[in-house]
Number of protein chains: 2
Amino acid sequence: MTPAESYYPTEPSVPTVLTETVPGQFTLKAMSQLGEVFDVRPSYFVADFEKSIGNYIVDVDGNTYLDLYAQIASIALGYNNPALIEVAKSPEMIRALVDRPALGNFPSKDLESMLKQILKFAPKGQDHVWSGLSGADANELAFKAAFMYYKNKQRQGKDFTKEENESVMNNLPPGSPDLAVLSFKRAFHGRLFASGSATCSKPIHKLDLPAFRWPHAEFPSYKYPLGDKANAEFNQREDDRCLKNVEELIKTWPIPVAALLIEPIQSEGGDNHASKYFLQGLRDLTLKYNVVYIIDEVQTGVGSTGKFWCHEYADITPPVDLVTFSKKFQSAGYFFHDPAFIPSAPYRQFNTWCGEPARMLIAGAIGEEIVKNDLLSQCSRVGAYMFKKLEGLQKEHPTLFHNLRGKDRGTFIAWDLPSSEQRDLLLKTLRANGCNVGGCSTNAVRLRPSLTFEEKHCDIFINVLAKSIAQVLV
Amino acid sequence: MTPAESYYPTEPSVPTVLTETVPGQFTLKAMSQLGEVFDVRPSYFVADFEKSIGNYIVDVDGNTYLDLYAQIASIALGYNNPALIEVAKSPEMIRALVDRPALGNFPSKDLESMLKQILKFAPKGQDHVWSGLSGADANELAFKAAFMYYKNKQRQGKDFTKEENESVMNNLPPGSPDLAVLSFKRAFHGRLFASGSATCSKPIHKLDLPAFRWPHAEFPSYKYPLGDKANAEFNQREDDRCLKNVEELIKTWPIPVAALLIEPIQSEGGDNHASKYFLQGLRDLTLKYNVVYIIDEVQTGVGSTGKFWCHEYADITPPVDLVTFSKKFQSAGYFFHDPAFIPSAPYRQFNTWCGEPARMLIAGAIGEEIVKNDLLSQCSRVGAYMFKKLEGLQKEHPTLFHNLRGKDRGTFIAWDLPSSEQRDLLLKTLRANGCNVGGCSTNAVRLRPSLTFEEKHCDIFINVLAKSIAQVLV
């Protein structure tokens with residue numbers, strides 16, 4: 001039995017769209033009622049999670065979609081996973097829900113095992129973890145760790161000066177220093193004010209919000225497929241050009257660059273891959289200039305590239321300083337190795353809750369199931385199968401499949417359509433035909449199924465995709 | 001039967017400290033093991049939430065403390081509340097935990113009722129809610145709403161210019177405008193970068209972190225008790241002085257002030273009350289200068305002042321623009337009234353999860369229980385009883401009880417000791433004698449019991465307090 005069969009014996013064998021149009025009339029009614037108290041403008045449909053199962057999501061009209069979007073890449077093991085339901089019913093979970101601790105002051109006796117369970121899945125070279133609440137929160141907590149580390153190193157572990165203690169209360173240097181996080185064009189790292197300053201995806205994510213004057217470096221725009229010999233020279237030139245730009249910015253930016261933040265694959269920004277050579281080049285530069293190196297694995301982490309953490313493909317040496325996560329781990333936070341990233345005094349990295357124990361329990365169980373069912377191998381195998389099928393479609397419709405990418409990166413696959421109108425039309429048609437798929441950037445289709453997605457699901461998707469293309473794009 | 005009796009038939013009748021010192025040896029061992037993966041420097045003890053019940057928290061040595069700190073003011077109804085346990089076991093909760101939706105794109109059919117349930121408890125004049133994950137997050141989401149509203153009003157609803165769309169990608173104005181949130185000295189609004197810029201409690205919360213150059217106005221330092229005729233003239237002069245300072249800052253600060261943020265009682269900053277006159281004066285100023293008025297009810301909200309929301313005492317007219325909450329509601333977010341605070345386009349106030357449905361369910365149930373058991377009246381009654389007892393102790397030890405405050409504000413009571421050393425010693429001794437109590441500012445004791453705290457619990461606390469004072473402070 002495959003993992004999907006054993007988790008989901010009643011999973012549908014095909015998607016079913018019952019309504020003439022999507023969204024159907026019950027969804028429209030539910031959206032109108034929900035609209036009284038919630039912003040439904042971005043809503044595709046109103047989901048019935050009670051009826052959703054495995055790789056299929058059901059809406060309130062009873063339409064059953066094969067889901068390749070998985071709550072914006074956040075569902076690791078499919079809907080209503082029985083192993084997670086067990087955890088949700090456990091006494092530990094009930095305690096975590098009804099007696100939410102202020103973990104910093106009153107850690108629960110359950111905390112040690114929860115954290116050690118999450119640390120089992122830490123990337124190579126990381127052996128501590130600090131917990132937050134969302135991807136943006138994880139990144140901002142990592143920024144705090146990076147800034148404190150950077151300044152502490154500068155003052156060689158000495159105590160704060162009187163001037164620092166006074167100026168900080170007025171938001172002025174030296175207590176509130178001018179320091180920058182360098183990120184990349186097209187990056188997405190969250191939507192709070194510091195994470196938002198590092199984000200550079202679309203204007204609408206940032207307009208009207210004050211920002212720190214932080215720099216955005218050039219991110220490589222490769223020729224795909226990445227491994228192809230024909231593209232090697234071009235791509236290396238592109239890497240070198242961008243590395244040079246990073247070094248230039250570190251050397252010349254008017255605010256000292258304390259940290260560098262990068263996604264191994266820019267996900268919201270268009271599934272733009274970073275090569276092993278590029279990620280290692282950044283390690284060399286960050287060491288040369290004493291910059292803290294942070295990898296954002298919020299969307300790429302927890303298995304969907306075929307490794308638990310995508311940046312493991314690059315085998316960066318020595319390992320990066322901080323790795324942030326969220327989404328598929330439900331729980332958020334950052335991993336680190338060097339104890340110097342533990343702040344010099346208590347209450348510097350602190351808040352009421354210091355994380356969410358209910359979500360830590362879920363994260364631990366997700367990691368456990370991935371290992372137990374060897375879902376990384378499955379994801380690699382299924383991804384390769386999918387990629388091949390997409391290459392087939394690409395041959396049939398070369399103008400509709402630009403930059404097909406994600407080869408050997410599990411099911412983390414994307415391609416570009418010629419225009420955003422065609423991309424949007426394709427996504428809409430896919431949904432009407434029973435497949436829920438997301439986009440990224442302006443004209444890319446991104447595949448983000450859960451780790452229980454198998455070859456049989458691929459076959460269904462490829463058929464629906466071929467049909468949808470035939471209906472509206474050729 | 002009282003609410004505590006009916007919720008907690010097996011609640012202990014007295015605290016019990018079994019170990020010679022606190023923390024005891026099992027706690028020390030647990031802390032040392034936990035210390036391998038967690039920052040235990042701020043930890044008082046390791047809690048056993050399985051054994052904790054009602055107003056009593058138990059540590060891993062079996063010490064049973066009467067809890068007047070309640071997870072930094074975050075436990076609304078006591079430990080292991082049976083009504084919340086029911087919710088934790090409900091099918092809705094299990095779905096929320098295992099199928100965490102991306103609510104913005106794929107709202108669940110449960111979302112409408114969850115939000116409407118929370119809105120039942122919205123403060124007067126507020127009829128919409130937007131959901132976040134923590135108090136800091138709630139404040140930053142409110143800042144986003146305020147900045148977008150402010151700029152949209154300035155451009156009179158017109159579309160973004162080309163210049164705005166381009167400059168925002170470089171974190172530069174006009175797309176990333178220079179706008180400020182005005183907050184107050186001694187304020188605490190969270191520890192992320194924008195909320196941290198509004199926070200002005202202690203240097204250690206902010207040192208080494210870049211900050212926005214936002215202003216901190218004078219917050220009134222009253223003579224207590226507040227209602228006393230003898231203090232009326234002094235206190236009004238103090239209000240006028242601070243209102244003048246706020247107006248001056250709004251008029252002269254080099255960055256335009258788009259929003260004003262205030263706690264009705266500064267909680268981390270020392271339980272500094274804001275009078276009705278002051279809060280109304282701020283409404284008048286914010287209207288005069290087109291500043292968005294935000295009330296931070298993260299610590300004061302959800303009942304412990306004897307009203308559901310503390311600022312309701314001030315009956316601010318017209319109502320403030322945004323009210324943020326978290327802690328006792330477990331769920332976080334902001335309330336608002338004016339539909340103009342719904343951003344002009346989708347995806348401006350947006351993120352993967354758009355809140356935490358598991359915590360929304362808990363929040364709704366907490367509100368329901370508060371109303372059903374009339375816990376606001378109980379809290380007012382118990383608070384008055386406690387205050388009277390503390391006035392008695394104050395008469396005995398006038399030098400150890402300065403600025404006793406919180407009269408007619410439920411159990412939200414505090415007083416100052418002459419020094420931080422004496423305050424810390426008192427808190428430590430209270431714990432050794434079976435009462436878990438927190439401090440705030442440098443030398444205040446703050447009482448933050450749950451809403452199920454009754455007269456009998458007061459009597460125990462007052463006895464332990466008298467004994468502790470006799471042991472170490474006289």
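Everything quoted here is computed from the prediction, not taken from an experiment. (Residues numbered from 1 in each chain as written. Chains lettered and ligands numbered in written order. Predicted model: local features only at pLDDT ≥ 70, side-chain atom pairs only at ≥ 80, totals over all residues. Heavy atoms only, no water.)

> What should I look at first to understand the overall build of chain A in this one?
When helices and strands are counted, chain A shows 15 helices and 16 strands. For chain A, whose C-alpha radius of gyration is 23 Å, the value lies close to the compact-globule estimate of 23 Å for 474 residues. Across its three principal directions, the C-alpha atoms of chain A cover 70 × 55 × 45 Å. Counting all 474 residues of chain A, 67% fall into the buried class. Taken as a whole, chain A presents about 16200 Å² of accessible surface, with 54% of it coming from carbon and sulfur. (Helix = DSSP H or I, 4+ residues; strand = E, 2+ residues; numbered from the N terminus. Rg over C-alpha atoms; globule rule 2.2 N^0.38 Å. Buried < 20%, exposed > 50% of the residue type's maximum accessible area, 1.4 Å probe, protein only. Areas by Shrake-Rupley, 256 points an atom, 1.4 Å probe, with all protein chains shown as cover.)

> Explain the sheet that holds strand β10 (residues 322-325) of chain B here, please?
Residue and element names in this part refer to chain B. The sheet built from seven strands is open, its strands ordered β3-β11-β10-β9-β6-β4-β5 with mixed pairing. Of all strands in the sheet, those bounded by a partner on one side alone are β3 (128-132) and β5 (216-217). Across two bridges, strand β4 (residues 180-184) lies against β5 in parallel orientation. Following the sheet pairing, serine 183 is matched in β5 by histidine 216. Lying over the sheet, helix α6 (residues 111-119) contacts β3, β10 and β11 (332-336), oriented at roughly 110 degrees with respect to β3. (Pairing = 2+ DSSP bridges. Contact = heavy atoms within 4.5 Å. Axes fitted to C-alpha atoms, helices over the stretch in contact; angles between N-to-C directions.)

> What is the right way to look at the pairing of strand β6 (residues 257-262) of chain A in this model?
It is a general feature of regular strands that their side chains alternate between the two faces of the sheet. All names here are of chain A. Most of β6 is tucked away, with six of its six residues classed as buried. The pairing of β6 with strand β9 (residues 292-296) spans four bridges and is classified as parallel. In the strand pairing of β9, leucine 261 is matched with isoleucine 294.

> Explanation requested: the pairing of β11 of chain B in the structure shown.
All names here are of chain B. Where burial is concerned, most of β11 is hidden: five out of the five residues are buried. Here β11 shows a buried face lined by Ala332, Tyr334 and Phe336 and a second buried face lined by Gly333 and Phe335. Examined bridge by bridge, β10 and β11 share four bridges and lie antiparallel to one another. Across the sheet, the residue bridging to valine 323 is phenylalanine 335, located in β11. What sits between the antiparallel neighbours β10 and β11 is a turn of six residues, in which lysine 327 has the positive phi angle 20 degrees.

> Looking at this structure, how should I read the relation of the copies chain A and chain B?
Turning one copy of the chain about an axis and sliding it along that axis gives the other copy, so a rotation and a shift relate them. Note on the identical chains: chain A maps onto chain B by a rotation of 180 degrees and an axial translation of 0.0 Å, with an RMSD of 0.0 Å. These values place the two chain copies in the arrangement generated by a two-fold rotation axis. By residue overlap, the copies meet face to face through one surface: 100% of the interface positions of chain A are interface positions in chain B. (Least-squares fit on C-alpha atoms with pLDDT ≥ 70 in both.)

> Sorry, what's going on with the domain arrangement of chain A here?
The accessible area lost on association of the parts is a frequent measure of interface size. Residue and element names in this part refer to chain A. On domain assignment, one finds that chain A holds domain 1 (3-80 + 375-472) and domain 2 (101-355). Here domain 1 and domain 2 have C-alpha centroids that lie 30 Å from each other. Between domain 1 and domain 2, the contact holds 25 residues from the first and 22 residues from the second. Taking both partners together, domain 1 and domain 2 bury about 2000 Å²; carbon and sulfur atoms supply 55% of that area. (Domains from an automatic or database assignment. Buried area = accessible area lost by both parts, 1.4 Å probe.)

> Even after reading the chapter, I still don't get the nonpolar core, so can you show me in this structure?
A general tendency of soluble globular proteins is for nonpolar side chains to be buried together. Residues Phe184 of chain A together with Phe184 of chain B are the most contacted members of the largest nonpolar core, which totals 230 residues. In contact with phenylalanine 184 of chain A, not counting residues within four places along its chain, are Cys200, His216, Ala217, Glu218, Phe219, Val246, Leu260, Leu261, Ile262, Gln266, Phe278 and Leu282 of chain A. (Core = buried A, V, L, I, M, F, W, Y, C linked by side-chain atoms within 4.5 Å.)

> Looking at this model, I keep getting lost on the packing of α6 of chain B against helix α12 (residues 357-372) of chain B. Mind explaining?
Residue and element names in this part refer to chain B. Packing of α6 against α12 leaves a shortest axis separation of 9 Å and a crossing angle of 40 degrees. Looking at the two axes, α6 sits oblique to α12. As α6 packs across α12, the resulting crossing turns out to be left-handed. Packed against α6, whose contacting residues are Leu111, Met114, Leu115, Gln117 and Ile118, the element α12 presents Pro357, Met360, Leu361, Ala363, Gly364 and Glu368 at the interface. Each residue belonging to the contact of α6 with α12 can be placed in one class, and the counts come to eight nonpolar, two polar and one charged. (Parallel < 35°, antiparallel > 145°, perpendicular 65-115°, else oblique. Left-handed = near helix turned anticlockwise from the far one by under 90°. Nonpolar A, V, L, I, M, F, W, Y, C, P; charged D, E, K, R; others polar.)

> Would you mind showing me how to read the pattern of salt bridges here?
Applying the stated criterion to the full structure yields 60 salt bridges over all chains. Two residues, glutamate 268 of chain A and arginine 446 of chain A, come together in a salt bridge whose shortest N-O distance is 2.8 Å. Remark: arginine 446 of chain A occurs in strand β16 (residues 444-447) and glutamate 268 of chain A occurs in the loop between β7 (265-266) and β8 (272-273); sequence separation between them is 178 residues. In this pair, the class of glutamate 268 of chain A matches that of arginine 446 of chain A, namely buried. Its salt-bridge partner being glutamate 218 of chain B, residue lysine 185 of chain B comes within 2.8 Å of it at the nearest N-O pair. Separated by 33 residues along the polypeptide, lysine 185 of chain B in the loop between β4 and α9 (193-198) and glutamate 218 of chain B in the loop between β5 and α10 (229-252) bring together distant segments of the chain. Judged by relative accessible area, lysine 185 of chain B falls into the partly exposed class, the value being 35%. A network of salt bridges, in which partner residues are shared, links Asp48, Glu50 and Lys51 of chain A together with Arg95, Lys109 and Asp110 of chain B. (Salt bridge = Lys/Arg side-chain N within 4 Å of Asp/Glu carboxyl O.)

> What exactly am I supposed to notice about the sheet that holds β16 of chain A here?
Backbone-to-backbone hydrogen bonds join strands into a sheet, with any given pair of strands oriented parallel or antiparallel. All names here are of chain A. Spatial strand order, β12-β13-β16-β15: four strands in an open sheet with antiparallel pairing. Taken across any chain shown, the strands that pair with only one partner, and hence form the sheet edges, are β12 (402-405) and β15 (438-440). Direction aside, the axes of adjacent strands within the sheet are offset by 25 degrees on average. In terms of strand pairing, strand β13 (residues 413-416) meets β16 through four bridges, oriented antiparallel. If you follow aspartate 416 over to β16, its bridge partner there is alanine 444.

> Would you take a moment to explain the side chain of glutamine 117 of chain A for this structure?
All names here are of chain A. Summarising the element assignment, glutamine 117 is placed in helix α6 (residues 111-119). Look at glutamine 117 and you get buried, because its relative accessible area is 17%. Here glycine 364 takes part through its backbone oxygen, which lies 2.9 Å from a polar atom of the side chain of glutamine 117. Among residues more than four places away in sequence, those in contact with glutamine 117 are Gly364 and Glu368. (Polar contact = N/O pair within 3.5 Å; in protein donor to acceptor, adjacent residues only side chain to side chain.)

> Sorry if this is basic, but what is going on with empty space enclosed by the protein here?
Where empty space is left in the structure can be found by rolling a water-sized probe over the atoms. Using the criterion set out here, one finds eight cavities of 30 Å³ or more in the structure. What the largest cavity holds in volume is close to 110 Å³. Arg100, Leu133 and Glu356 of chain A together with Leu133 and Glu356 of chain B are, among the 16 residues lining the largest cavity, the residues nearest its centre. Partitioned by chemical class, the residues of the lining of the largest cavity number four nonpolar, six polar and six charged. (1 Å grid on protein atoms, 1.4 Å probe; cavity = no way out; pocket = protein on both sides within 12 Å on 5 of 7 lines; lining within 4 Å. Points joined across faces, edges and corners; volume = space filled by probe spheres on them.)

> For this particular structure, what's the right way to read the packing of aromatic side chains?
Applying the stated criterion across every chain yields a total of 61 aromatic pairs over all chains. Ring geometry for phenylalanine 121 of chain A versus phenylalanine 308 of chain A: centroids 5.4 Å apart, planes at 10 degrees, classification stacked. With phenylalanine 121 of chain A in the loop between α6 and β3 (128-132) and phenylalanine 308 of chain A in the loop between β9 and β10 (322-325), this residue pair connects regions lying 187 residues apart in the sequence. A single burial state applies to phenylalanine 121 of chain A and to phenylalanine 308 of chain A, both of which are buried. Between tryptophan 309 of chain B and phenylalanine 329 of chain B, the ring centres sit 6.1 Å apart and the planes meet at 85 degrees, which makes this aromatic pair edge-to-face. (Phe/Tyr/Trp six-rings, centres within 6.5 Å; stacked < 30°, edge-to-face > 60°.)

> I'm lost on the interface of chain A and chain B in this one. Help?
Between chain A and chain B, the contact holds 119 residues from the first and 119 residues from the second. Across the chain A/chain B interface, buried area totals approximately 11200 Å², and carbon plus sulfur atoms make up 62% of it. Between chain A and chain B we count 16 salt bridges in total. Residue glutamate 36 of chain A pairs with lysine 116 of chain B through a salt bridge whose shortest N-O separation is 2.9 Å. Scanning the region where chain A abuts chain B turns up 62 residue pairs in polar contact (both at pLDDT 80 or more).

> Can you walk me through the environment of glutamine 330 of chain B in this structure?
By secondary structure assignment, the location of glutamine 330 of chain B is in the loop between β10 and β11. Once the C-alpha coordinates of glutamine 330 of chain B and valine 302 of chain B are considered, the two residues, 28 residues apart in sequence, prove to be 10 Å apart. If sequence neighbours within four positions are ignored, glutamine 330 of chain B has contacts with Leu97, Arg100 and Trp353 of chain A together with Ser74, Arg359, Ile362 and Ile366 of chain B. Engagement of the side chain of glutamine 330 of chain B in a polar contact is seen with the backbone oxygen of serine 74 of chain B, the distance being 2.8 Å.

> Before we go on, may I ask you to explain α12 of chain B in this structure?
Helical periodicity: at 3.6 residues per turn, an α-helix aligns residues three or four positions apart in one direction. The terminal C-alpha atoms of α12 of chain B, which comprises 16 residues, lie 23 Å apart, in line with the 22 Å expected from a rise of 1.5 Å per residue. Phi for aspartate 374 of chain B, located one or two positions after α12 of chain B, is positive at around 45 degrees. (Expected span 1.5 Å × (residues − 1).)

> So what exactly am I meant to see when it comes to the state of the cysteines here?
Linking two cysteines covalently through their sulfur atoms gives a disulfide. All names here are of chain B. Tallied over the entire structure, the rule returns zero disulfides over all chains. Cysteine 310 takes part in no disulfide bond, and the closest cysteine sulfur to it belongs to cysteine 379, at a distance of 11 Å. Between cysteine 458, a cysteine without a disulfide, and cysteine 379, which holds the nearest cysteine sulfur, the sulfur-to-sulfur distance is 9.8 Å. Residue classification places cysteine 458 among the buried positions, given a relative accessible area of 0%. (Disulfide = S-S within 2.5 Å.)

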